[in-house]
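Results of the structural survey
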Amino acid sequence: MAIWFARSRNIVSSLRHNLNLSGILSKRDYSPRPAFTNSQLSSRSVFLDSITSLRHESTAVEKQHDLVQQSDEEDVQELDFPGGKLGYTSEMKFIPESSPKRVPCYRVLDEDGRIISDSDFIPVSEQLAVRMYEQMATLQVMDHIFYEAQRQGRISFFITTVGEEAVNIASAAALSPDDVVLPQYREPGVLLWRGFTLQEFANQCFGNKADHGKGRQMPVHYGSNRYNYFTVSSPIATQLPQAAGVGYSLKMEKKNACAVTFIGDGGTSEGDFHAGLNFAAVMEAPVVFICRNNGWAISTHISEQFRSDGIVVKGQAYGIRSIRVDGNDALAVYSAVRSAREMAVTEQRPVLIEAMTYRVGHHSTSDDSTKYRAADEIQYWKMSRNPVNRFKKWVEDNGWWSEEDESKLRSNARKQLLQAIQASEKWDKPPLTELFSDVYDVKTKNLEEQELGLRELVEKQPQDYPPGFHI
Amino acid sequence: MWGILGRRAVVNGGISASSLRSRVRSSSVSARSYAAAGSKEMTVRDALNSAIDEEMSADPKVFVMGEEVGQYQGAYKITKGLLEKYGPERVYDTPITEAGFTGIGVGAAYAGLKPVVEFMTFNFSMQAIDHIINSAAKSNYMSAGQINVPIVFRGPNGAAAGVGAQHSQCYAAWYASVPGLKVLAPYSAEDARGLLKAAIRDPDPVVFLENELLYGESFPISEEALDSSFCLPIGKAKIEREGKDVTITTFSKMVGFALKAAEKLAEEGISAEVINLRSIRPLDRATINASVRKTSRLVTVEEGFPQHGVCAEICASVVEESFSYLDAPVERIAGADVPMPYAANLERLALPQVEDIVRAAKRACFRSK
């Protein structure tokens, strides 16, 4: 930092650019306000104060051109190019590849579950807080039991959400049921919040005849029309431009709702990330992009995924308002998502949220993450940085939750899940009629012929098909 | 555009563009003996434009998206006038990202709108093929009917003239192999109108393969076809010319070539039945097989690459279902198994010509029991 002050005030203008790139915290008052005035800029000490004041004060989101107008004399003359007027400088200066300071992380609760003084957040009622905690704990139990079921060979595959319960539940709690969710695959908590039952989750994992997905998809590829949660699709990041399309549709129909889509840190490397964000911004679509930066994309650490300061800095590159939030802080996630959602709907614009968190579990049941990361790293995050424990402390401190409630909830959830799995396992798989349906809206002739042919074959040669094979 | 047709005309042996047009017009009128004799004519371009216009007018959920579709009036002017009429929300000019706007179209379709997505050519759809196959085609099935995708992907497909390998591939076989998609290929103005209207109204994702060189061609069009409620059934082929000696099946631009070949064959006493497939998926196997059972001979023609092509599927279908009716081996005429060269002479050699169809039909006819 010291080097900057040794040079002329041109440094000031370039540093200003850097700070702009590093993003500024936003208060709930979103009117653009310039952060610096000319008089402040001329003094080094005031500049220092301005830096430190950034840490403690929330400043409003500023527009780039506001700064340019208040900049040094040499920038007063402007150049006209397609895209608008630009100030110019005769000093050749490259924007550095990174800011001296990383974008700070918005947080409300400390690690001991106590609200940090002077925090900016949307208050949460007892009823809401208790429900949020219950769902986070239920999600934990669900993850544990389905994971075990896969290990026992009862389901073929599973993806857990361990370590990301706050992102899942708090974001869901902040949305309205009309908001359309396009998930990646690590957000079943959103569906759980909206009312998907444990039995319904189990049915999908077992692919039985009660599965809303008619046994068409691998486990964890949940979807529900009823709860506005689009069926999980395996290719990464395809949901991002699709979310822009959903947002556009909601905008055209003037609905009081937005599209909300999730992506991991790794998924932001996909081309669709660029297309989705760029388009949402150009179309002015009401979309909230939530990036779960959990540090790992299977075995690829974020240091091998990108060289930027995470995802939040990319938002401004697309003209999208962004925030970095502590994804393990349920209250911070709730406030950020709730605010983002309001912005998206009332201002008809996309918003980007980077939720910092950690993937405690393996990528999936096909992965053993101890092969590429230290076991004590996993332990550290599991025990000391656990989002569920952190929120629990806050809820307990408020006198809204007791140990008795805790054991009752966990044992109930466990019992329900075991019953659901036992039931799911026993139920029949979908019948043959569901092999050829839903390819098209109405079955085409060749499909009808194929189904008839297969039915006749099964009847004629039952010995070639497993006993109890259902037609 | 006329420049391209002009070059194509030179390739075909030095005929001028206008006389080529009038030749095609006259031959298609004579071939379509049973079609309603309308005195009106319409270009394929106007047919497509009017179809989109009418469907947008009838259903506010229909909207058009693609590069240059709005202000530029469409790269091939298919969407001319729509921006003025329906505004920028419903005629959306996209940035250059096929993956992006295809994904957006799929998302909008998921949410209940009816996008008509234009690819400047289907060659560029390669950059978006994941959205077309893994999202659009499979979503209804994977979600067990909860997510349907009423989207239409349209644009020029196949060879144009002098545009080289990356602008000339025919994607009919690729898209038609995927369950969940419907694939249509119009030939005449009536096909263009009826099939595009059917595609827009269909709740399933439809890949609509046009042909750049056909855009400017005029065809007679009946009063019935000009009506705004006109619609052709998806999955039905059309017998363009009846015959009794050999069945020639094809689609898109090759229909015109097949009709010309039929004229030439008629001069030599061979009566060819020309089937315009119209629908590649679902394929109208019933019409094709019924025709082969009548003529006992099959020549199947396409512009695209030969291996795993549409012709291969038709041959398999006919051999499976009508084997005992065949008097000759099935014949396939397809494009050369090379990326399309640019030089005009090489391009001509790489594509089926009328003479190739005539020779194949003769081969099929002189191989008797």
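None of these values were measured; they are calculated from a predicted model.

**Some remarks on the pairing of strand β11 (residues 272–276) of chain B**
All names here are of chain B.
- With respect to burial, β11 is a largely interior element, 5 of its 5 residues being buried.
- What you see with β11 is no split at all: Ala272, Val274 and Asn276 on one side and Glu273 and Ile275 on the other are buried throughout.
- The pairing of strand β9 (residues 238–241) with β11 spans 3 bridges and is antiparallel. Residue pairing for β11: Lys238 is matched across the bridge by Asn276.
- Once you follow strand β10 (residues 246–250) into helix α10 (residues 253–267) and on to β11, the crossover reads as right-handed.

**A word on the UniProt feature "domain: Transketolase-like pyrimidine-binding" (unreviewed entry) in chain B**
- Residues annotated in UniProt with the feature "domain: Transketolase-like pyrimidine-binding" (unreviewed entry) correspond here to residues 42–217 of chain B.
- The span residues 42–217 of chain B is 37% helical and 16% strand by assignment, and the distance between its end C-alpha atoms comes to 8 Å.

**Details of the nonpolar core**
- Counting residues in each nonpolar core, the largest one holds 77 residues, and the members touching the most others are Met132, Phe146, Tyr222 and Phe391 of chain A.
- Ranked by residue count, the leading element in this core is helix α6 (residues 126–151) of chain A, at 12 residues.
- Ignoring any residue separated from it by four or fewer positions in sequence, one finds Phe146 of chain A in contact with Ile155, Phe158, Phe201, Ala202, Cys205, Leu417 and Ile421 of chain A.
- Counting 73 residues, the second-largest nonpolar core is a separate cluster that includes Phe63, Phe119, Ile133 and Leu283 of chain B.

**Description of the UniProt feature "domain: Dehydrogenase E1 component" (unreviewed entry) in chain A**
- Look at the UniProt record and you will see "domain: Dehydrogenase E1 component" (unreviewed entry) annotated at residues 135–430 of chain A.
- Within the segment residues 135–430 of chain A, helix and strand shares are 47% and 11% respectively, and the terminal C-alpha atoms sit 30 Å apart.

**Considering unusual backbone geometry**
- The linkage connecting Arg281 of chain B with the following residue, Pro282 of chain B, adopts the cis geometry, with an omega of 0°.
- Counting through the fold element by element, Pro282 of chain B comes out in the loop between β12 (279–281) and α11 (285–295).
- The phi dihedral of Glu284 of chain A is positive, around 55°, even though this residue is not glycine.

**Here we look at the pattern of salt bridges**
- Counted under the stated rule, the structure contains 60 salt bridges over all chains.
- Arg193 of chain B is paired through a salt bridge with Glu54 of chain B; the nearest N and O atoms lie 2.9 Å apart. One end of the pair, Arg193 of chain B, is in helix α8 (residues 189–201); the other, Glu54 of chain B, is in helix α3 (residues 44–58), with 139 residues separating them in the sequence.
- Residue Glu54 of chain B is classed as partly exposed on the basis of its relative accessible area of 22%.
- Salt bridges sharing common partners tie together Arg107, Glu111, Asp326, Asp329, Arg385 and Arg390 of chain A.

**A look at the sheet that holds β10 of chain B**
Residues and elements named next belong to chain B.
- Spatial strand order, β9-β11-β10-β13-β14: 5 strands in an open sheet with mixed pairing. One side of each edge strand has no neighbouring strand; the edge strands of this open sheet are β9 and β14 (331–333). Strand-to-strand twist of the sheet, defined as the mean angle between neighbouring strand axes without regard to direction, takes the value 25°.
- Against the sheet, helix α12 (residues 310–322) engages β10, β13 (298–301) and β14, with an angle of about 160° to β13.

**Remarks on the sheet that holds strand β9 (residues 351–356) of chain A**
Residues and elements named next belong to chain A.
- Here 5 strands make up an open sheet; going across it, the order is β3-β4-β5-β9-β8 and the pairing parallel. Strands with a single pairing partner mark the edges of an open sheet, and in this sheet they are β3 (180–182) and β8 (321–326). With direction set aside, neighbouring strand axes in the sheet form an average angle of 20°.
- The sheet contact formed by β3 and strand β4 (residues 259–264) spans 3 bridges and is parallel. Looking at the pairing, Leu182 lines up with Thr261 of β4.
- Sitting on the sheet, helix α10 (residues 239–252) touches β3, β4 and β5 (287–293), and the angle it makes with β4 is about 170°.

**Let's talk about the interface of chain A and chain B**
- Taken residue by residue, the interface counts 37 residues in chain A and 42 residues in chain B.
- Buried area between chain A and chain B, summed over both chains or domains, comes out near 3,400 Å², and the portion from carbon and sulfur atoms is 60%.
- Summed over the three residues of chain A that lose the most area to chain B, namely Gln242, Phe279 and Tyr440 of chain A, the buried surface amounts to 20% of that side.
- Counting every contact that joins chain A to chain B gives 1 salt bridge.
- The closest approach of N and O atoms between Glu253 of chain A and Lys61 of chain B, which form a salt bridge, is 2.9 Å.
- Inspection of the chain A/chain B interface yields 14 residue pairs in polar contact (both at pLDDT 80 or more).
- Top element by residues in the side of chain A that touches chain B is α10 of chain A. It accounts for 8 residues.
- Of the residues belonging to the side of chain A that touches chain B, the class tally is 15 nonpolar, 14 polar and 8 charged.

**Regarding the confidence of the model for chain A**
- Summary statistics for chain A give a mean pLDDT of 86 and a share of 83% for residues scoring 70 or more.
- Within the model, pLDDT remains below 50 along residues 1–71 of chain A, and this stretch shows 92 contacts once partners closer than five positions in the same chain are excluded.

**Quick notes on the packing of aromatic side chains**
Residue and element names in this part refer to chain A.
- Counted under the stated rule, the structure contains 22 aromatic pairs over all chains.
- Relative to Tyr222, the ring of Phe196 has its centre 6.4 Å away and its plane inclined at 65°; by these criteria the two rings are edge-to-face. You can see Phe196 sitting in the loop between α8 (188–194) and α9 (198–206) and its partner Tyr222 sitting in the loop between α9 and α10, a full 26 residues away along the chain. In terms of burial, Phe196 and Tyr222 fall into one category: buried.

**Quick look at the pairing of β8 of chain A**
Residues and elements named next belong to chain A.
- Taken across its 6 residues, β8 has 5 buried, putting it largely inside the fold.
- Two elements, β8 and β9, share 6 bridges in a ladder whose sense is parallel. Residue Val325 lies in a different strand from β9, and its bridge partner there is Ala355.

**So, the environment of Gln463 of chain A**
Residues and elements named next belong to chain A.
- With respect to the helices, strands and loops of the structure, Gln463 is situated in the segment after α18 (445–460).
- Note: C-alpha distance between Gln463 and Ala149 (314 residues apart in sequence) is 31 Å.
- In terms of polar contacts, Gln463 uses its side chain to reach the side chain of Gln461, at 2.8 Å.

**What to know about the packing of α10 of chain A against helix α11 (residues 271–283) of chain A**
Residues and elements named next belong to chain A.
- Where α10 contacts α11, the axes come no closer than 7 Å and their chain directions differ by 20°. As far as their axial angle goes, α11 and α10 are roughly parallel. You can see that α10 and α11 cross each other, and the crossing is left-handed. Here Leu240, Pro241, Ala244, Tyr248 and Lys251 of α10 come into contact with α11, specifically with Asp272, Phe273, Gly276, Phe279, Ala280 and Met283.
- The residue inventory of the contact of α10 with α11, partitioned by class, reads 8 nonpolar, 1 polar and 2 charged.

**As for the side chain of Ser335 of chain A**
All names here are of chain A.
- In this fold, Ser335 is placed in helix α13 (residues 330–347).
- Assessed through its relative accessible area of 2%, Ser335 is described here as buried.
- Of note is the side chain of Ser335, whose polar atom sits 2.8 Å from the backbone nitrogen of Ile122.
- Sequence-distant contacts of Ser335, defined by excluding residues within four places in its chain, comprise Tyr106, Phe121 and Ile122.

**Concerning helix α7 (residues 165–174) of chain A**
- Of all 10 residues in α7 of chain A, 10 are buried, a share of seventy percent or more.
- Listed in full, the buried residues belonging to α7 of chain A are Glu165, Ala166, Val167, Asn168, Ile169, Ala170, Ser171, Ala172, Ala173 and Ala174 of chain A.

What counts and what doesn't
- Residues numbered from 1 in each chain as written.
- Chains lettered and ligands numbered in written order.
- Predicted model: local features only at pLDDT ≥ 70, side-chain atom pairs only at ≥ 80, totals over all residues.
- Heavy atoms only, no water.
- Buried < 20%, exposed > 50% of the residue type's maximum accessible area, 1.4 Å probe, protein only.
- Helix = DSSP H or I, 4+ residues; strand = E, 2+ residues; numbered from the N terminus.
- Pairing = 2+ DSSP bridges.
- Right-handed = clockwise from strand over helix to strand, strands pointing away.
- UniProt positions renumbered as here; feature names shortened; annotations may be inferred.
- Core = buried A, V, L, I, M, F, W, Y, C linked by side-chain atoms within 4.5 Å.
- Contact = heavy atoms within 4.5 Å.
- Salt bridge = Lys/Arg side-chain N within 4 Å of Asp/Glu carboxyl O.
- Axes fitted to C-alpha atoms, helices over the stretch in contact; angles between N-to-C directions.
- Buried area = accessible area lost by both parts, 1.4 Å probe.
- Polar contact = N/O pair within 3.5 Å; in protein donor to acceptor, adjacent residues only side chain to side chain.
- Nonpolar A, V, L, I, M, F, W, Y, C, P; charged D, E, K, R; others polar.
- pLDDT = per-residue confidence, 0-100.
- Phe/Tyr/Trp six-rings, centres within 6.5 Å; stacked < 30°, edge-to-face > 60°.
- Parallel < 35°, antiparallel > 145°, perpendicular 65-115°, else oblique.
- Left-handed = near helix turned anticlockwise from the far one by under 90°.

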